[in-house]
Every structure is written in C-alpha cells, then in structure tokens.
Amino acid sequence: EVYVMNADGSGQTDITNRHASSDLAPYWIGSLAPIGPSRTITLTETGLTPDALTVPAGTQVIWYNATGQTQILQSDSPPVIYLPLIMRNAGGMAVSAVTPGAINPGRTSGALWARGLNGGDSFSATLEPGESFAHLFVLAGNYHYHLETPPYSAGLVTVLSKKDYCNSQDAITADSLEAARAALEAGATTVSLSPGGCVLYSRTMSGTMVTHEELTLSDWTMETWDHTTTQSLGLRDADLDSFFEWRSTVDRGPLVTDGHVVTTMYFTDTQWLARRETYDRWSEETMHVLWEEDIEKEGWLTTVADFEASTTDIYSRTFTPTLTLAQGEPLGQASPAYACPSDKLKLIMERMAEGVQQGVDCMYRHLRPDLALKVAHSYATRKFLINCDSCKPNEAARIGWWPDPTMPVSLTICDEFFQGDANYQRSTLFHELEHLTEPLHDPTIEEQAGDRTWEVDPVYACELMCFNPKATKCACASCLKTTACSYRCSGLKECNPELGAKCLCPWRKKWYDTFGKCATECPSGLLCFGSRCKNYDVSCR
C-alpha cells in the first residue's frame with residue numbers, strides 16, 4: 001500500500017497506482033504452487049516459440065499447436081548404452097548376447113536403455129490444430145525434441161535443480177515486485193517476489209493483524225518474523241546455512257518511550273556473538289543508540305558507537321562533486337512546503353521502482369542475492385507513507401527510522417530531490433530503502449570521514465557501487481563486507497584499501513585516516529575504558 005500525507009500531516013489518501021490485480025498478479029499467486037509453474041511453447045507455421053526453454057525441476061511444459069495442420073511432437077531418443085556380456089567359463093570371451101528390448105520390455109531400440117541420462121522418460125504427442133500437450137519435467141537434464149511434421153523444427157528444454165535455477169535464472173524484477181504488492185493488497189497471504197516463484201513471501205493473519213511473516217528462497221527459510229501486540233521476534237539466515245546469524249527483538253508498549261530494540265549478529269563460522277545493536281526510544285523524534293562489536297573475534301564485545309540520534313534519517317548532498325551522484329546545477333534555496341502534486345508523486349513512484357530494480361540487479365551482478373532480497377522484501381511488503389516538503393537546503397529525502405517492521409515507512413521527498421537527474425533520484429530512494437534493513441549512519445564517520453564516507457559507511461558504499469560509474473573496489477568491499485581484492489569487486493576502480501580507523505574512546509570520538517595513526521594517538525587508559533581503534537581496512541588478507 002502507498003499513501004500520501006498532506007504537508008501538515010493530516011489526511012492519508014491511498015494513491016496506489018496499479019493495473020487490475022488480474023493483470024499484475026502471477027497466476028500461481030493464491031495457492032502455493034510448486035516452484036516452476038507451467039510454461040508454454042507455441043507451435044507456429046515457422047517453428048517453435050520459444051525453441052529453447054530453461055525451467056526448474058517440477059515444471060509442467062505445455063506445447064500448443066497454433067498451426068492449421070496436425071503436428072507430431074517427438075522427444076529425441078536418449079543415449080543408448082550397449083554393454084558387453086561377460087560370460088563365466090567362456091574363456092573370457094565378450095559376446096553381444098543381449099536381444100534388443102529384452103532387458104527393458106516395451107522399448108524397441110537398444111539393448112540397455114540409458115534411463116534417466118536425459119533427465120527422465122521420453123514423450124510424444126499428436127496435436128490437432130488448437131490442441132495442447134503437457135509434460136511434467138521432474139529431473140534435471142537436457143531434453144531435446146523435434147517436430148516430425150512441417151516445419152520439422154527442433155527444440156530444447158533445459159531443466160535445472162531448484163537451487164541452480166533460482167541462482168541463475170529467477171532474478172527479482174520490478175514487475176514481479178509490483179505483482180507481489182498488488183496481490184498482497186488484494187488479500188493474498190503467499191506471493192512470489194520473483195517471476196519464477198523462487199523467492200516466496202508468506203504471512204499469517206489474525207483478523208487484521210499480521211502475526212507471522214516468512215521469506216523463503218528455493219525452499220530455504222531466509223527470514224521470519226513473529227508478531228504480537230507488544231513484541232516482534234525476527235530471524236535471518238542470509239547465507240542459507242540453516243543458522244540464523246541475525247536476530248532481533250522489538251518491544252513496544254502504549255507509550256512511544258516504551259520502544260526498545262535489540263539486534264544481534266553472529267559469526268557464521270564460530271557462531272559467536274559478533275555485534276549487538278540496542279535502540280531505546282526517548283521521544284517521538286529521538287532515540288539512544290548503542291553498538292557493541294567483537295572487533296578482533298576474541299569473544300567479547302567493545303562499544304563502537306554510543307550516541308543520540310533522530311528517528312528521521314536525512315539524505316543530504318554534502319560531499320565533494322567527485323563522488324556525488326547528481327550532475328546538475330548548484331543547489332537552490334528550498335521553496336515553501338507543499339503536498340505532492342500528482343505529477344511529482346508519479347515521478348517518485350517511478351524512480352523508486354527503477355531504483356529498486358537497479359539496486360537489485362547490482363547486487364545480483366556482484367553475487368550477493370541476499371542483499372538484493374533484503375531491499376526487494378522491504379519494498380514489496382512494507383507500507384509507505386509519502387509526503388512532499390521543502391526541507392532544509394541540500395536535503396533530498398528523509399525516511400522515518402525505527403527498527404520495527406510493523407510500522408509504516410514514512411518517506412519525505414524534498415525540493416532538492418526534483419533538481420537532480422534521474423540517476424540521482426533513483427539512488428536517493430534506494431539509499432533510503434536500504435535503511436529499512438541496515439543501521440543508521442555512524443555520526444563519527446559521517447561527520448569526520450569526508451569523501452571516505454562513501455567507501456566506509458555500508459549504505460553509502462552500496463549506493464556508490466550501484467549508481468555511480470566512479471565506484472571503487474573499496475566501496476564494493478564495504479558494501480559486500482569483503483576485501484577490495486574479492487572477485488565480486490573486479491572491474492571497479494582501484495582505491496586505497498586503508499580506509500581509516502575510528503578511536504573508540506568515549507570522550508575522543510575521532511576519525512583517523514590510517515589505523516596506524518589512530519593506534520598511536522587514540523587514548524586507551526582507564527578513562528577510555530581500555531578502548532582502542534576500530535579498523536576499516538579492506539586490504540586483501
């Protein structure tokens with residue numbers, strides 16, 4: 001659902017611009033069909049459309065005769081293996097003593113039928129004009145077939161395992177996400193976020209309340225949420241190894257200040273606690289943030305950030321032109337506040353869909369489908385409240401940030417947004433959507449690291465990697481949480497992987513250009529609770 005709020009905060013109008021649900025919702029939505037719904041191949045006067053098809057195991061392929069004559073469809077004969085029969089007490093002589101059809105009755109060609117080598121049994125059909133024939137492909141393999149009647153075309157059906165198909169063939173698209181949103185709005189409880197059904201989102205309702213949510217990828221549970229009126233419990237297994245390395249507990253009450261969130265992350269190899277994020281709501285507009293991290297994988301947590309923050313993340317263009325995403329004129333002064341006109345609202349929705357598509361494609365391209373799924377999941381399943389306002393100079397957008405998945409997403413678009421080019425608009429909205437699954441910006445980094453912020457902060461780094469042709473391997477490494485020499489970052493611009501370090505002393509919150517300088521100057525005595533430096537180096541190691 002997408003709503004528009006007036007500039008004064010009053011009124012909510014459903015502006016969801018959809019086609020009829022029958023046009024958008026995939027035909028497998030509504031019942032949890034097996035992955036790989038039926039696919040159709042059309043027999044035409046000139047050949048097969050398509051003549052090559054890749055599907056997941058469990059797909060039913062339908063051939064439809066759209067010609068004016070009878071067509072005979074026949075699978076190619078699978079490979080036949082002839083084995084010599086070794087007879088004991090015959091002097092070691094090998095003789096071909098097998099009669100065709102004797103070992104596999106009903107087959108008329110070959111001695112030993114190579115059953116299963118092409119992924120399953122053969123098929124054939126005689127189709128009158130307008131008739132169809134269906135065959136269920138259960139096993140992975142290559143299935144060659146041909147027409148024994150004019151135009152004598154040949155075709156191929158490639159069947160992949162669910163996992164292989166999902167990893168290579170069923171990428172999420174803007175259209176599939178729009179279809180999922182439309183189906184959820186129409187009351188569906190299980191929808192596919194990808195065209196082929198690999199990525200499924202399901203929810204359980206109790207009246208009008210969602211009590212359970214689940215995101216699955218190729219039958220693997222990637223994320224779950226259980227909700228009551230006072231608490232939500234979330235689990236995420238991004239690498240699909242059956243261990244939930246991300247866990248969140250959200251407590252809420254009748255007062256705003258009852259809000260309390262604890263999110264923990266674990267090392268996937270040792271399953272030790274790696275990071276803990278604690279958020280306490282102080283007021284409608286402020287919260288306290290505490291981040292703790294096992295910096296050296298030593299078994300204990302060190303405070304890496306402790307600050308008061310706004311519940312609204314503000315996206316502003318404050319960095320030098322070498323790394324900004326806009327390519328327009330210098331910024332002008334903001335105009336008075338206004339509610340979103342229909343033309344601007346349409347533009348916002350278009351840019352958001354385009355930004356999600358570009359970001360998702362980028363994550364797939366860099367071999368991190370889990371990051372693609374997180375953004376796509378938020379976009380397809382969260383409720384958005386869109387507001388237009390003048391904002392302050394340099395501000396492009398604001399998003400209401402509180403890590404509670406049951407709350408609507410409040411998104412304010414500023415005048416500055418409309419002065420940037422299309423890529424700037426797409427990247428701005430993608431940046432804000434990233435915050436639905438990523439933490440706030442560390443103020444020490446954002447305020448002191450300068451241009452390095454684009455390569456250190458993971459939200460900025462992902463934006464730079466996906467939307468700026470000047471993207472560096474360092475930005476890629478910070479976004480994907482890897483090193484600058486990772487094959488995932490190949491093809492991007494070279495960079496200095498020694499990004500810098502942050503002094504963790506509570507009264508010396510300072511950013512240093514190098515870890516060596518931080519280690520020398522950052523206090524570590526009792527007054528600093530023995531704190532040290534957090535290194536953001538992404539060098540090869």
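For every chain, the first residue of the written sequence is number 1, and numbering continues from 1 onward in sequence order. With pLDDT at 70 or above as the cut-off, local features in this predicted model cover only qualifying residues; side-chain atom pairs require 80 or more to be listed or tallied, and sums for whole chains, interfaces and linings still use all residues. Side-chain calculation: all heavy atoms of the structure are included, whereas hydrogens and water are not.

1. Quick look at the confidence of the model for the protein chain
Spelled out, the test is: What pLDDT reports is the predictor's confidence in each residue, on a scale of 0 through 100. Every residue pair with non-hydrogen atoms within 4.5 Å of one another is taken to be in contact.
Averaged over the protein chain, the pLDDT score is 81; the fraction of residues at 70 or greater is 79%. Counting interchain partners and residues more than four positions distant, the pLDDT-below-50 stretch residues 85-119 has 41 contacts. Low pLDDT, under 50, characterises residues 317-338; the predicted model gives this stretch 54 contacts beyond four residues in sequence or across chains.

2. With respect to the packing of helix H4 (residues 342-365) against helix H5 (residues 369-381)
Stated formally: All axes are obtained by fitting lines to C-alpha atoms, using only the stretch in contact for helices, and the reported angles, taken between N-to-C directions, cover 0 to 180 degrees. In this text, helices come from DSSP runs of H or I with a minimum length of four residues, and strands from runs of E with a minimum of two, each type numbered from the N-terminal end. Roughly parallel covers angles under 35 degrees, roughly antiparallel covers those over 145, roughly perpendicular covers 65 to 115, and oblique covers all other angles. Each helix crossing is assigned a hand: it is left-handed if the near helix lies turned anticlockwise from the far helix by less than a right angle, otherwise right-handed if that turn is clockwise. Three residue categories are used. Nonpolar comprises Ala, Val, Leu, Ile, Met, Phe, Trp, Tyr, Cys and Pro, charged comprises Asp, Glu, Lys and Arg, and polar comprises the others, including Gly.
Between H4 and H5, the least distance of the axes is 7 Å, while the angle of their chain directions is 160°. Relative to H5, the element H4 lies roughly antiparallel. Our pair here, H4 against H5, has a crossing hand that is left-handed. Between H4 and H5, the contacting residues are Met-352, Ala-353, Val-356, Val-360, Met-363 and Tyr-364 on the first element and Pro-369, Leu-371, Ala-372, Leu-373, Ala-376 and Tyr-379 on the second. Class assignment of the residues belonging to the contact of H4 with H5 gives a composition of 12 nonpolar, no polar and no charged.

3. Focus on H5
Rules: Take the number of residues in a helix, subtract one, and multiply by 1.5 Å to get its expected span. The classification of residues rests on relative accessible area computed with a 1.4 Å probe and restricted to protein chains. Under 20% of the type maximum is buried, over 50% is exposed, and intermediate values are partly exposed.
Between its terminal C-alpha atoms H5 stretches 18 Å, which fits the 18 Å expected from 13 residues at 1.5 Å a residue. Within H5, 12 of the 13 residues are buried, leaving the element largely enclosed by the surrounding structure. Residues of H5 that are buried include every one of Asp-370, Leu-371, Ala-372, Leu-373, Lys-374, Val-375, Ala-376, His-377, Ser-378, Tyr-379, Ala-380 and Thr-381, and no others.

4. Thoughts on the sheet that holds strand E21 (residues 246-251)
Spelled out, the test is: Here, a strand pair is defined by DSSP locating no fewer than two bridges between the strands.
If you walk across this open sheet you meet the 10 strands as E16-E17-E18-E19-E20-E21-E22-E23-E24-E25, and the pairing is antiparallel. Looking at which strands have only one partner, the edges of the open sheet turn out to be strand E16 (190-192) and strand E25 (302-310). For this sheet, the mean inter-axis angle between neighbouring strands, taken without regard to orientation, is 10°. With 8 bridges joining them, strand E17 (residues 199-206) and strand E18 (residues 209-217) adopt antiparallel strand pairing. Following the sheet pairing, Val-199 is matched in E18 by Leu-217. Of the strands in this sheet, E16 and E17 touch helix H3 (residues 174-185), which is tilted by about 165° from E16. Packing against the sheet, H5 makes contact with E17, E18, strand E19 (220-227) and strand E20 (231-236), and its axis sits at approximately 40° to E17.

5. Quick look at the packing of helix H10 (residues 458-467) against helix H11 (residues 473-480)
One way to put it is that H10 packs onto H11 with a least axis distance of 8 Å and a crossing angle of 125°. What the angle tells us is that H10 and H11 run oblique. At the point where H10 passes H11, the crossing takes the left-handed sense. Judged by residue contacts, Pro-458, Ala-461, Cys-462, Leu-464 and Met-465 of H10 engage Ala-475, Cys-476, Ser-478, Cys-479 and Leu-480 from H11. Considered class by class, the residues forming the contact of H10 with H11 number 9 nonpolar, 1 polar and no charged.

6. So, the sheet that holds strand E30 (residues 501-503)
Each strand in a sheet pairs with another by means of backbone hydrogen bonds, the pair being arranged parallel or else antiparallel. Taken together, the 3 strands give an open sheet; going across it, the order is E31-E30-E32, and neighbouring strands pair in antiparallel fashion. Strands at the two margins of the open sheet, each flanked by one partner only, are strand E31 (511-512) and strand E32 (533-535).

7. Points about the state of the cysteines
Here is the rule: By definition, disulfides here are pairs of cysteine sulfur atoms that lie within 2.5 Å.
The tally for this structure, following the rule as stated, stands at 10 disulfides. The disulfide bridge from Cys-391 ends at Cys-414, spanning 2.1 Å between sulfur atoms. Looking down the S-S bond of the Cys-391 and Cys-414 bridge, the torsion is -75°, so its handedness is left-handed. With Cys-391 in the loop between strand E27 (384-389) and strand E28 (395-400) and Cys-414 in strand E29 (residues 409-414), this residue pair connects regions lying 23 residues apart in the sequence. You'll find Cys-391 and Cys-414 in the same group, each marked buried.

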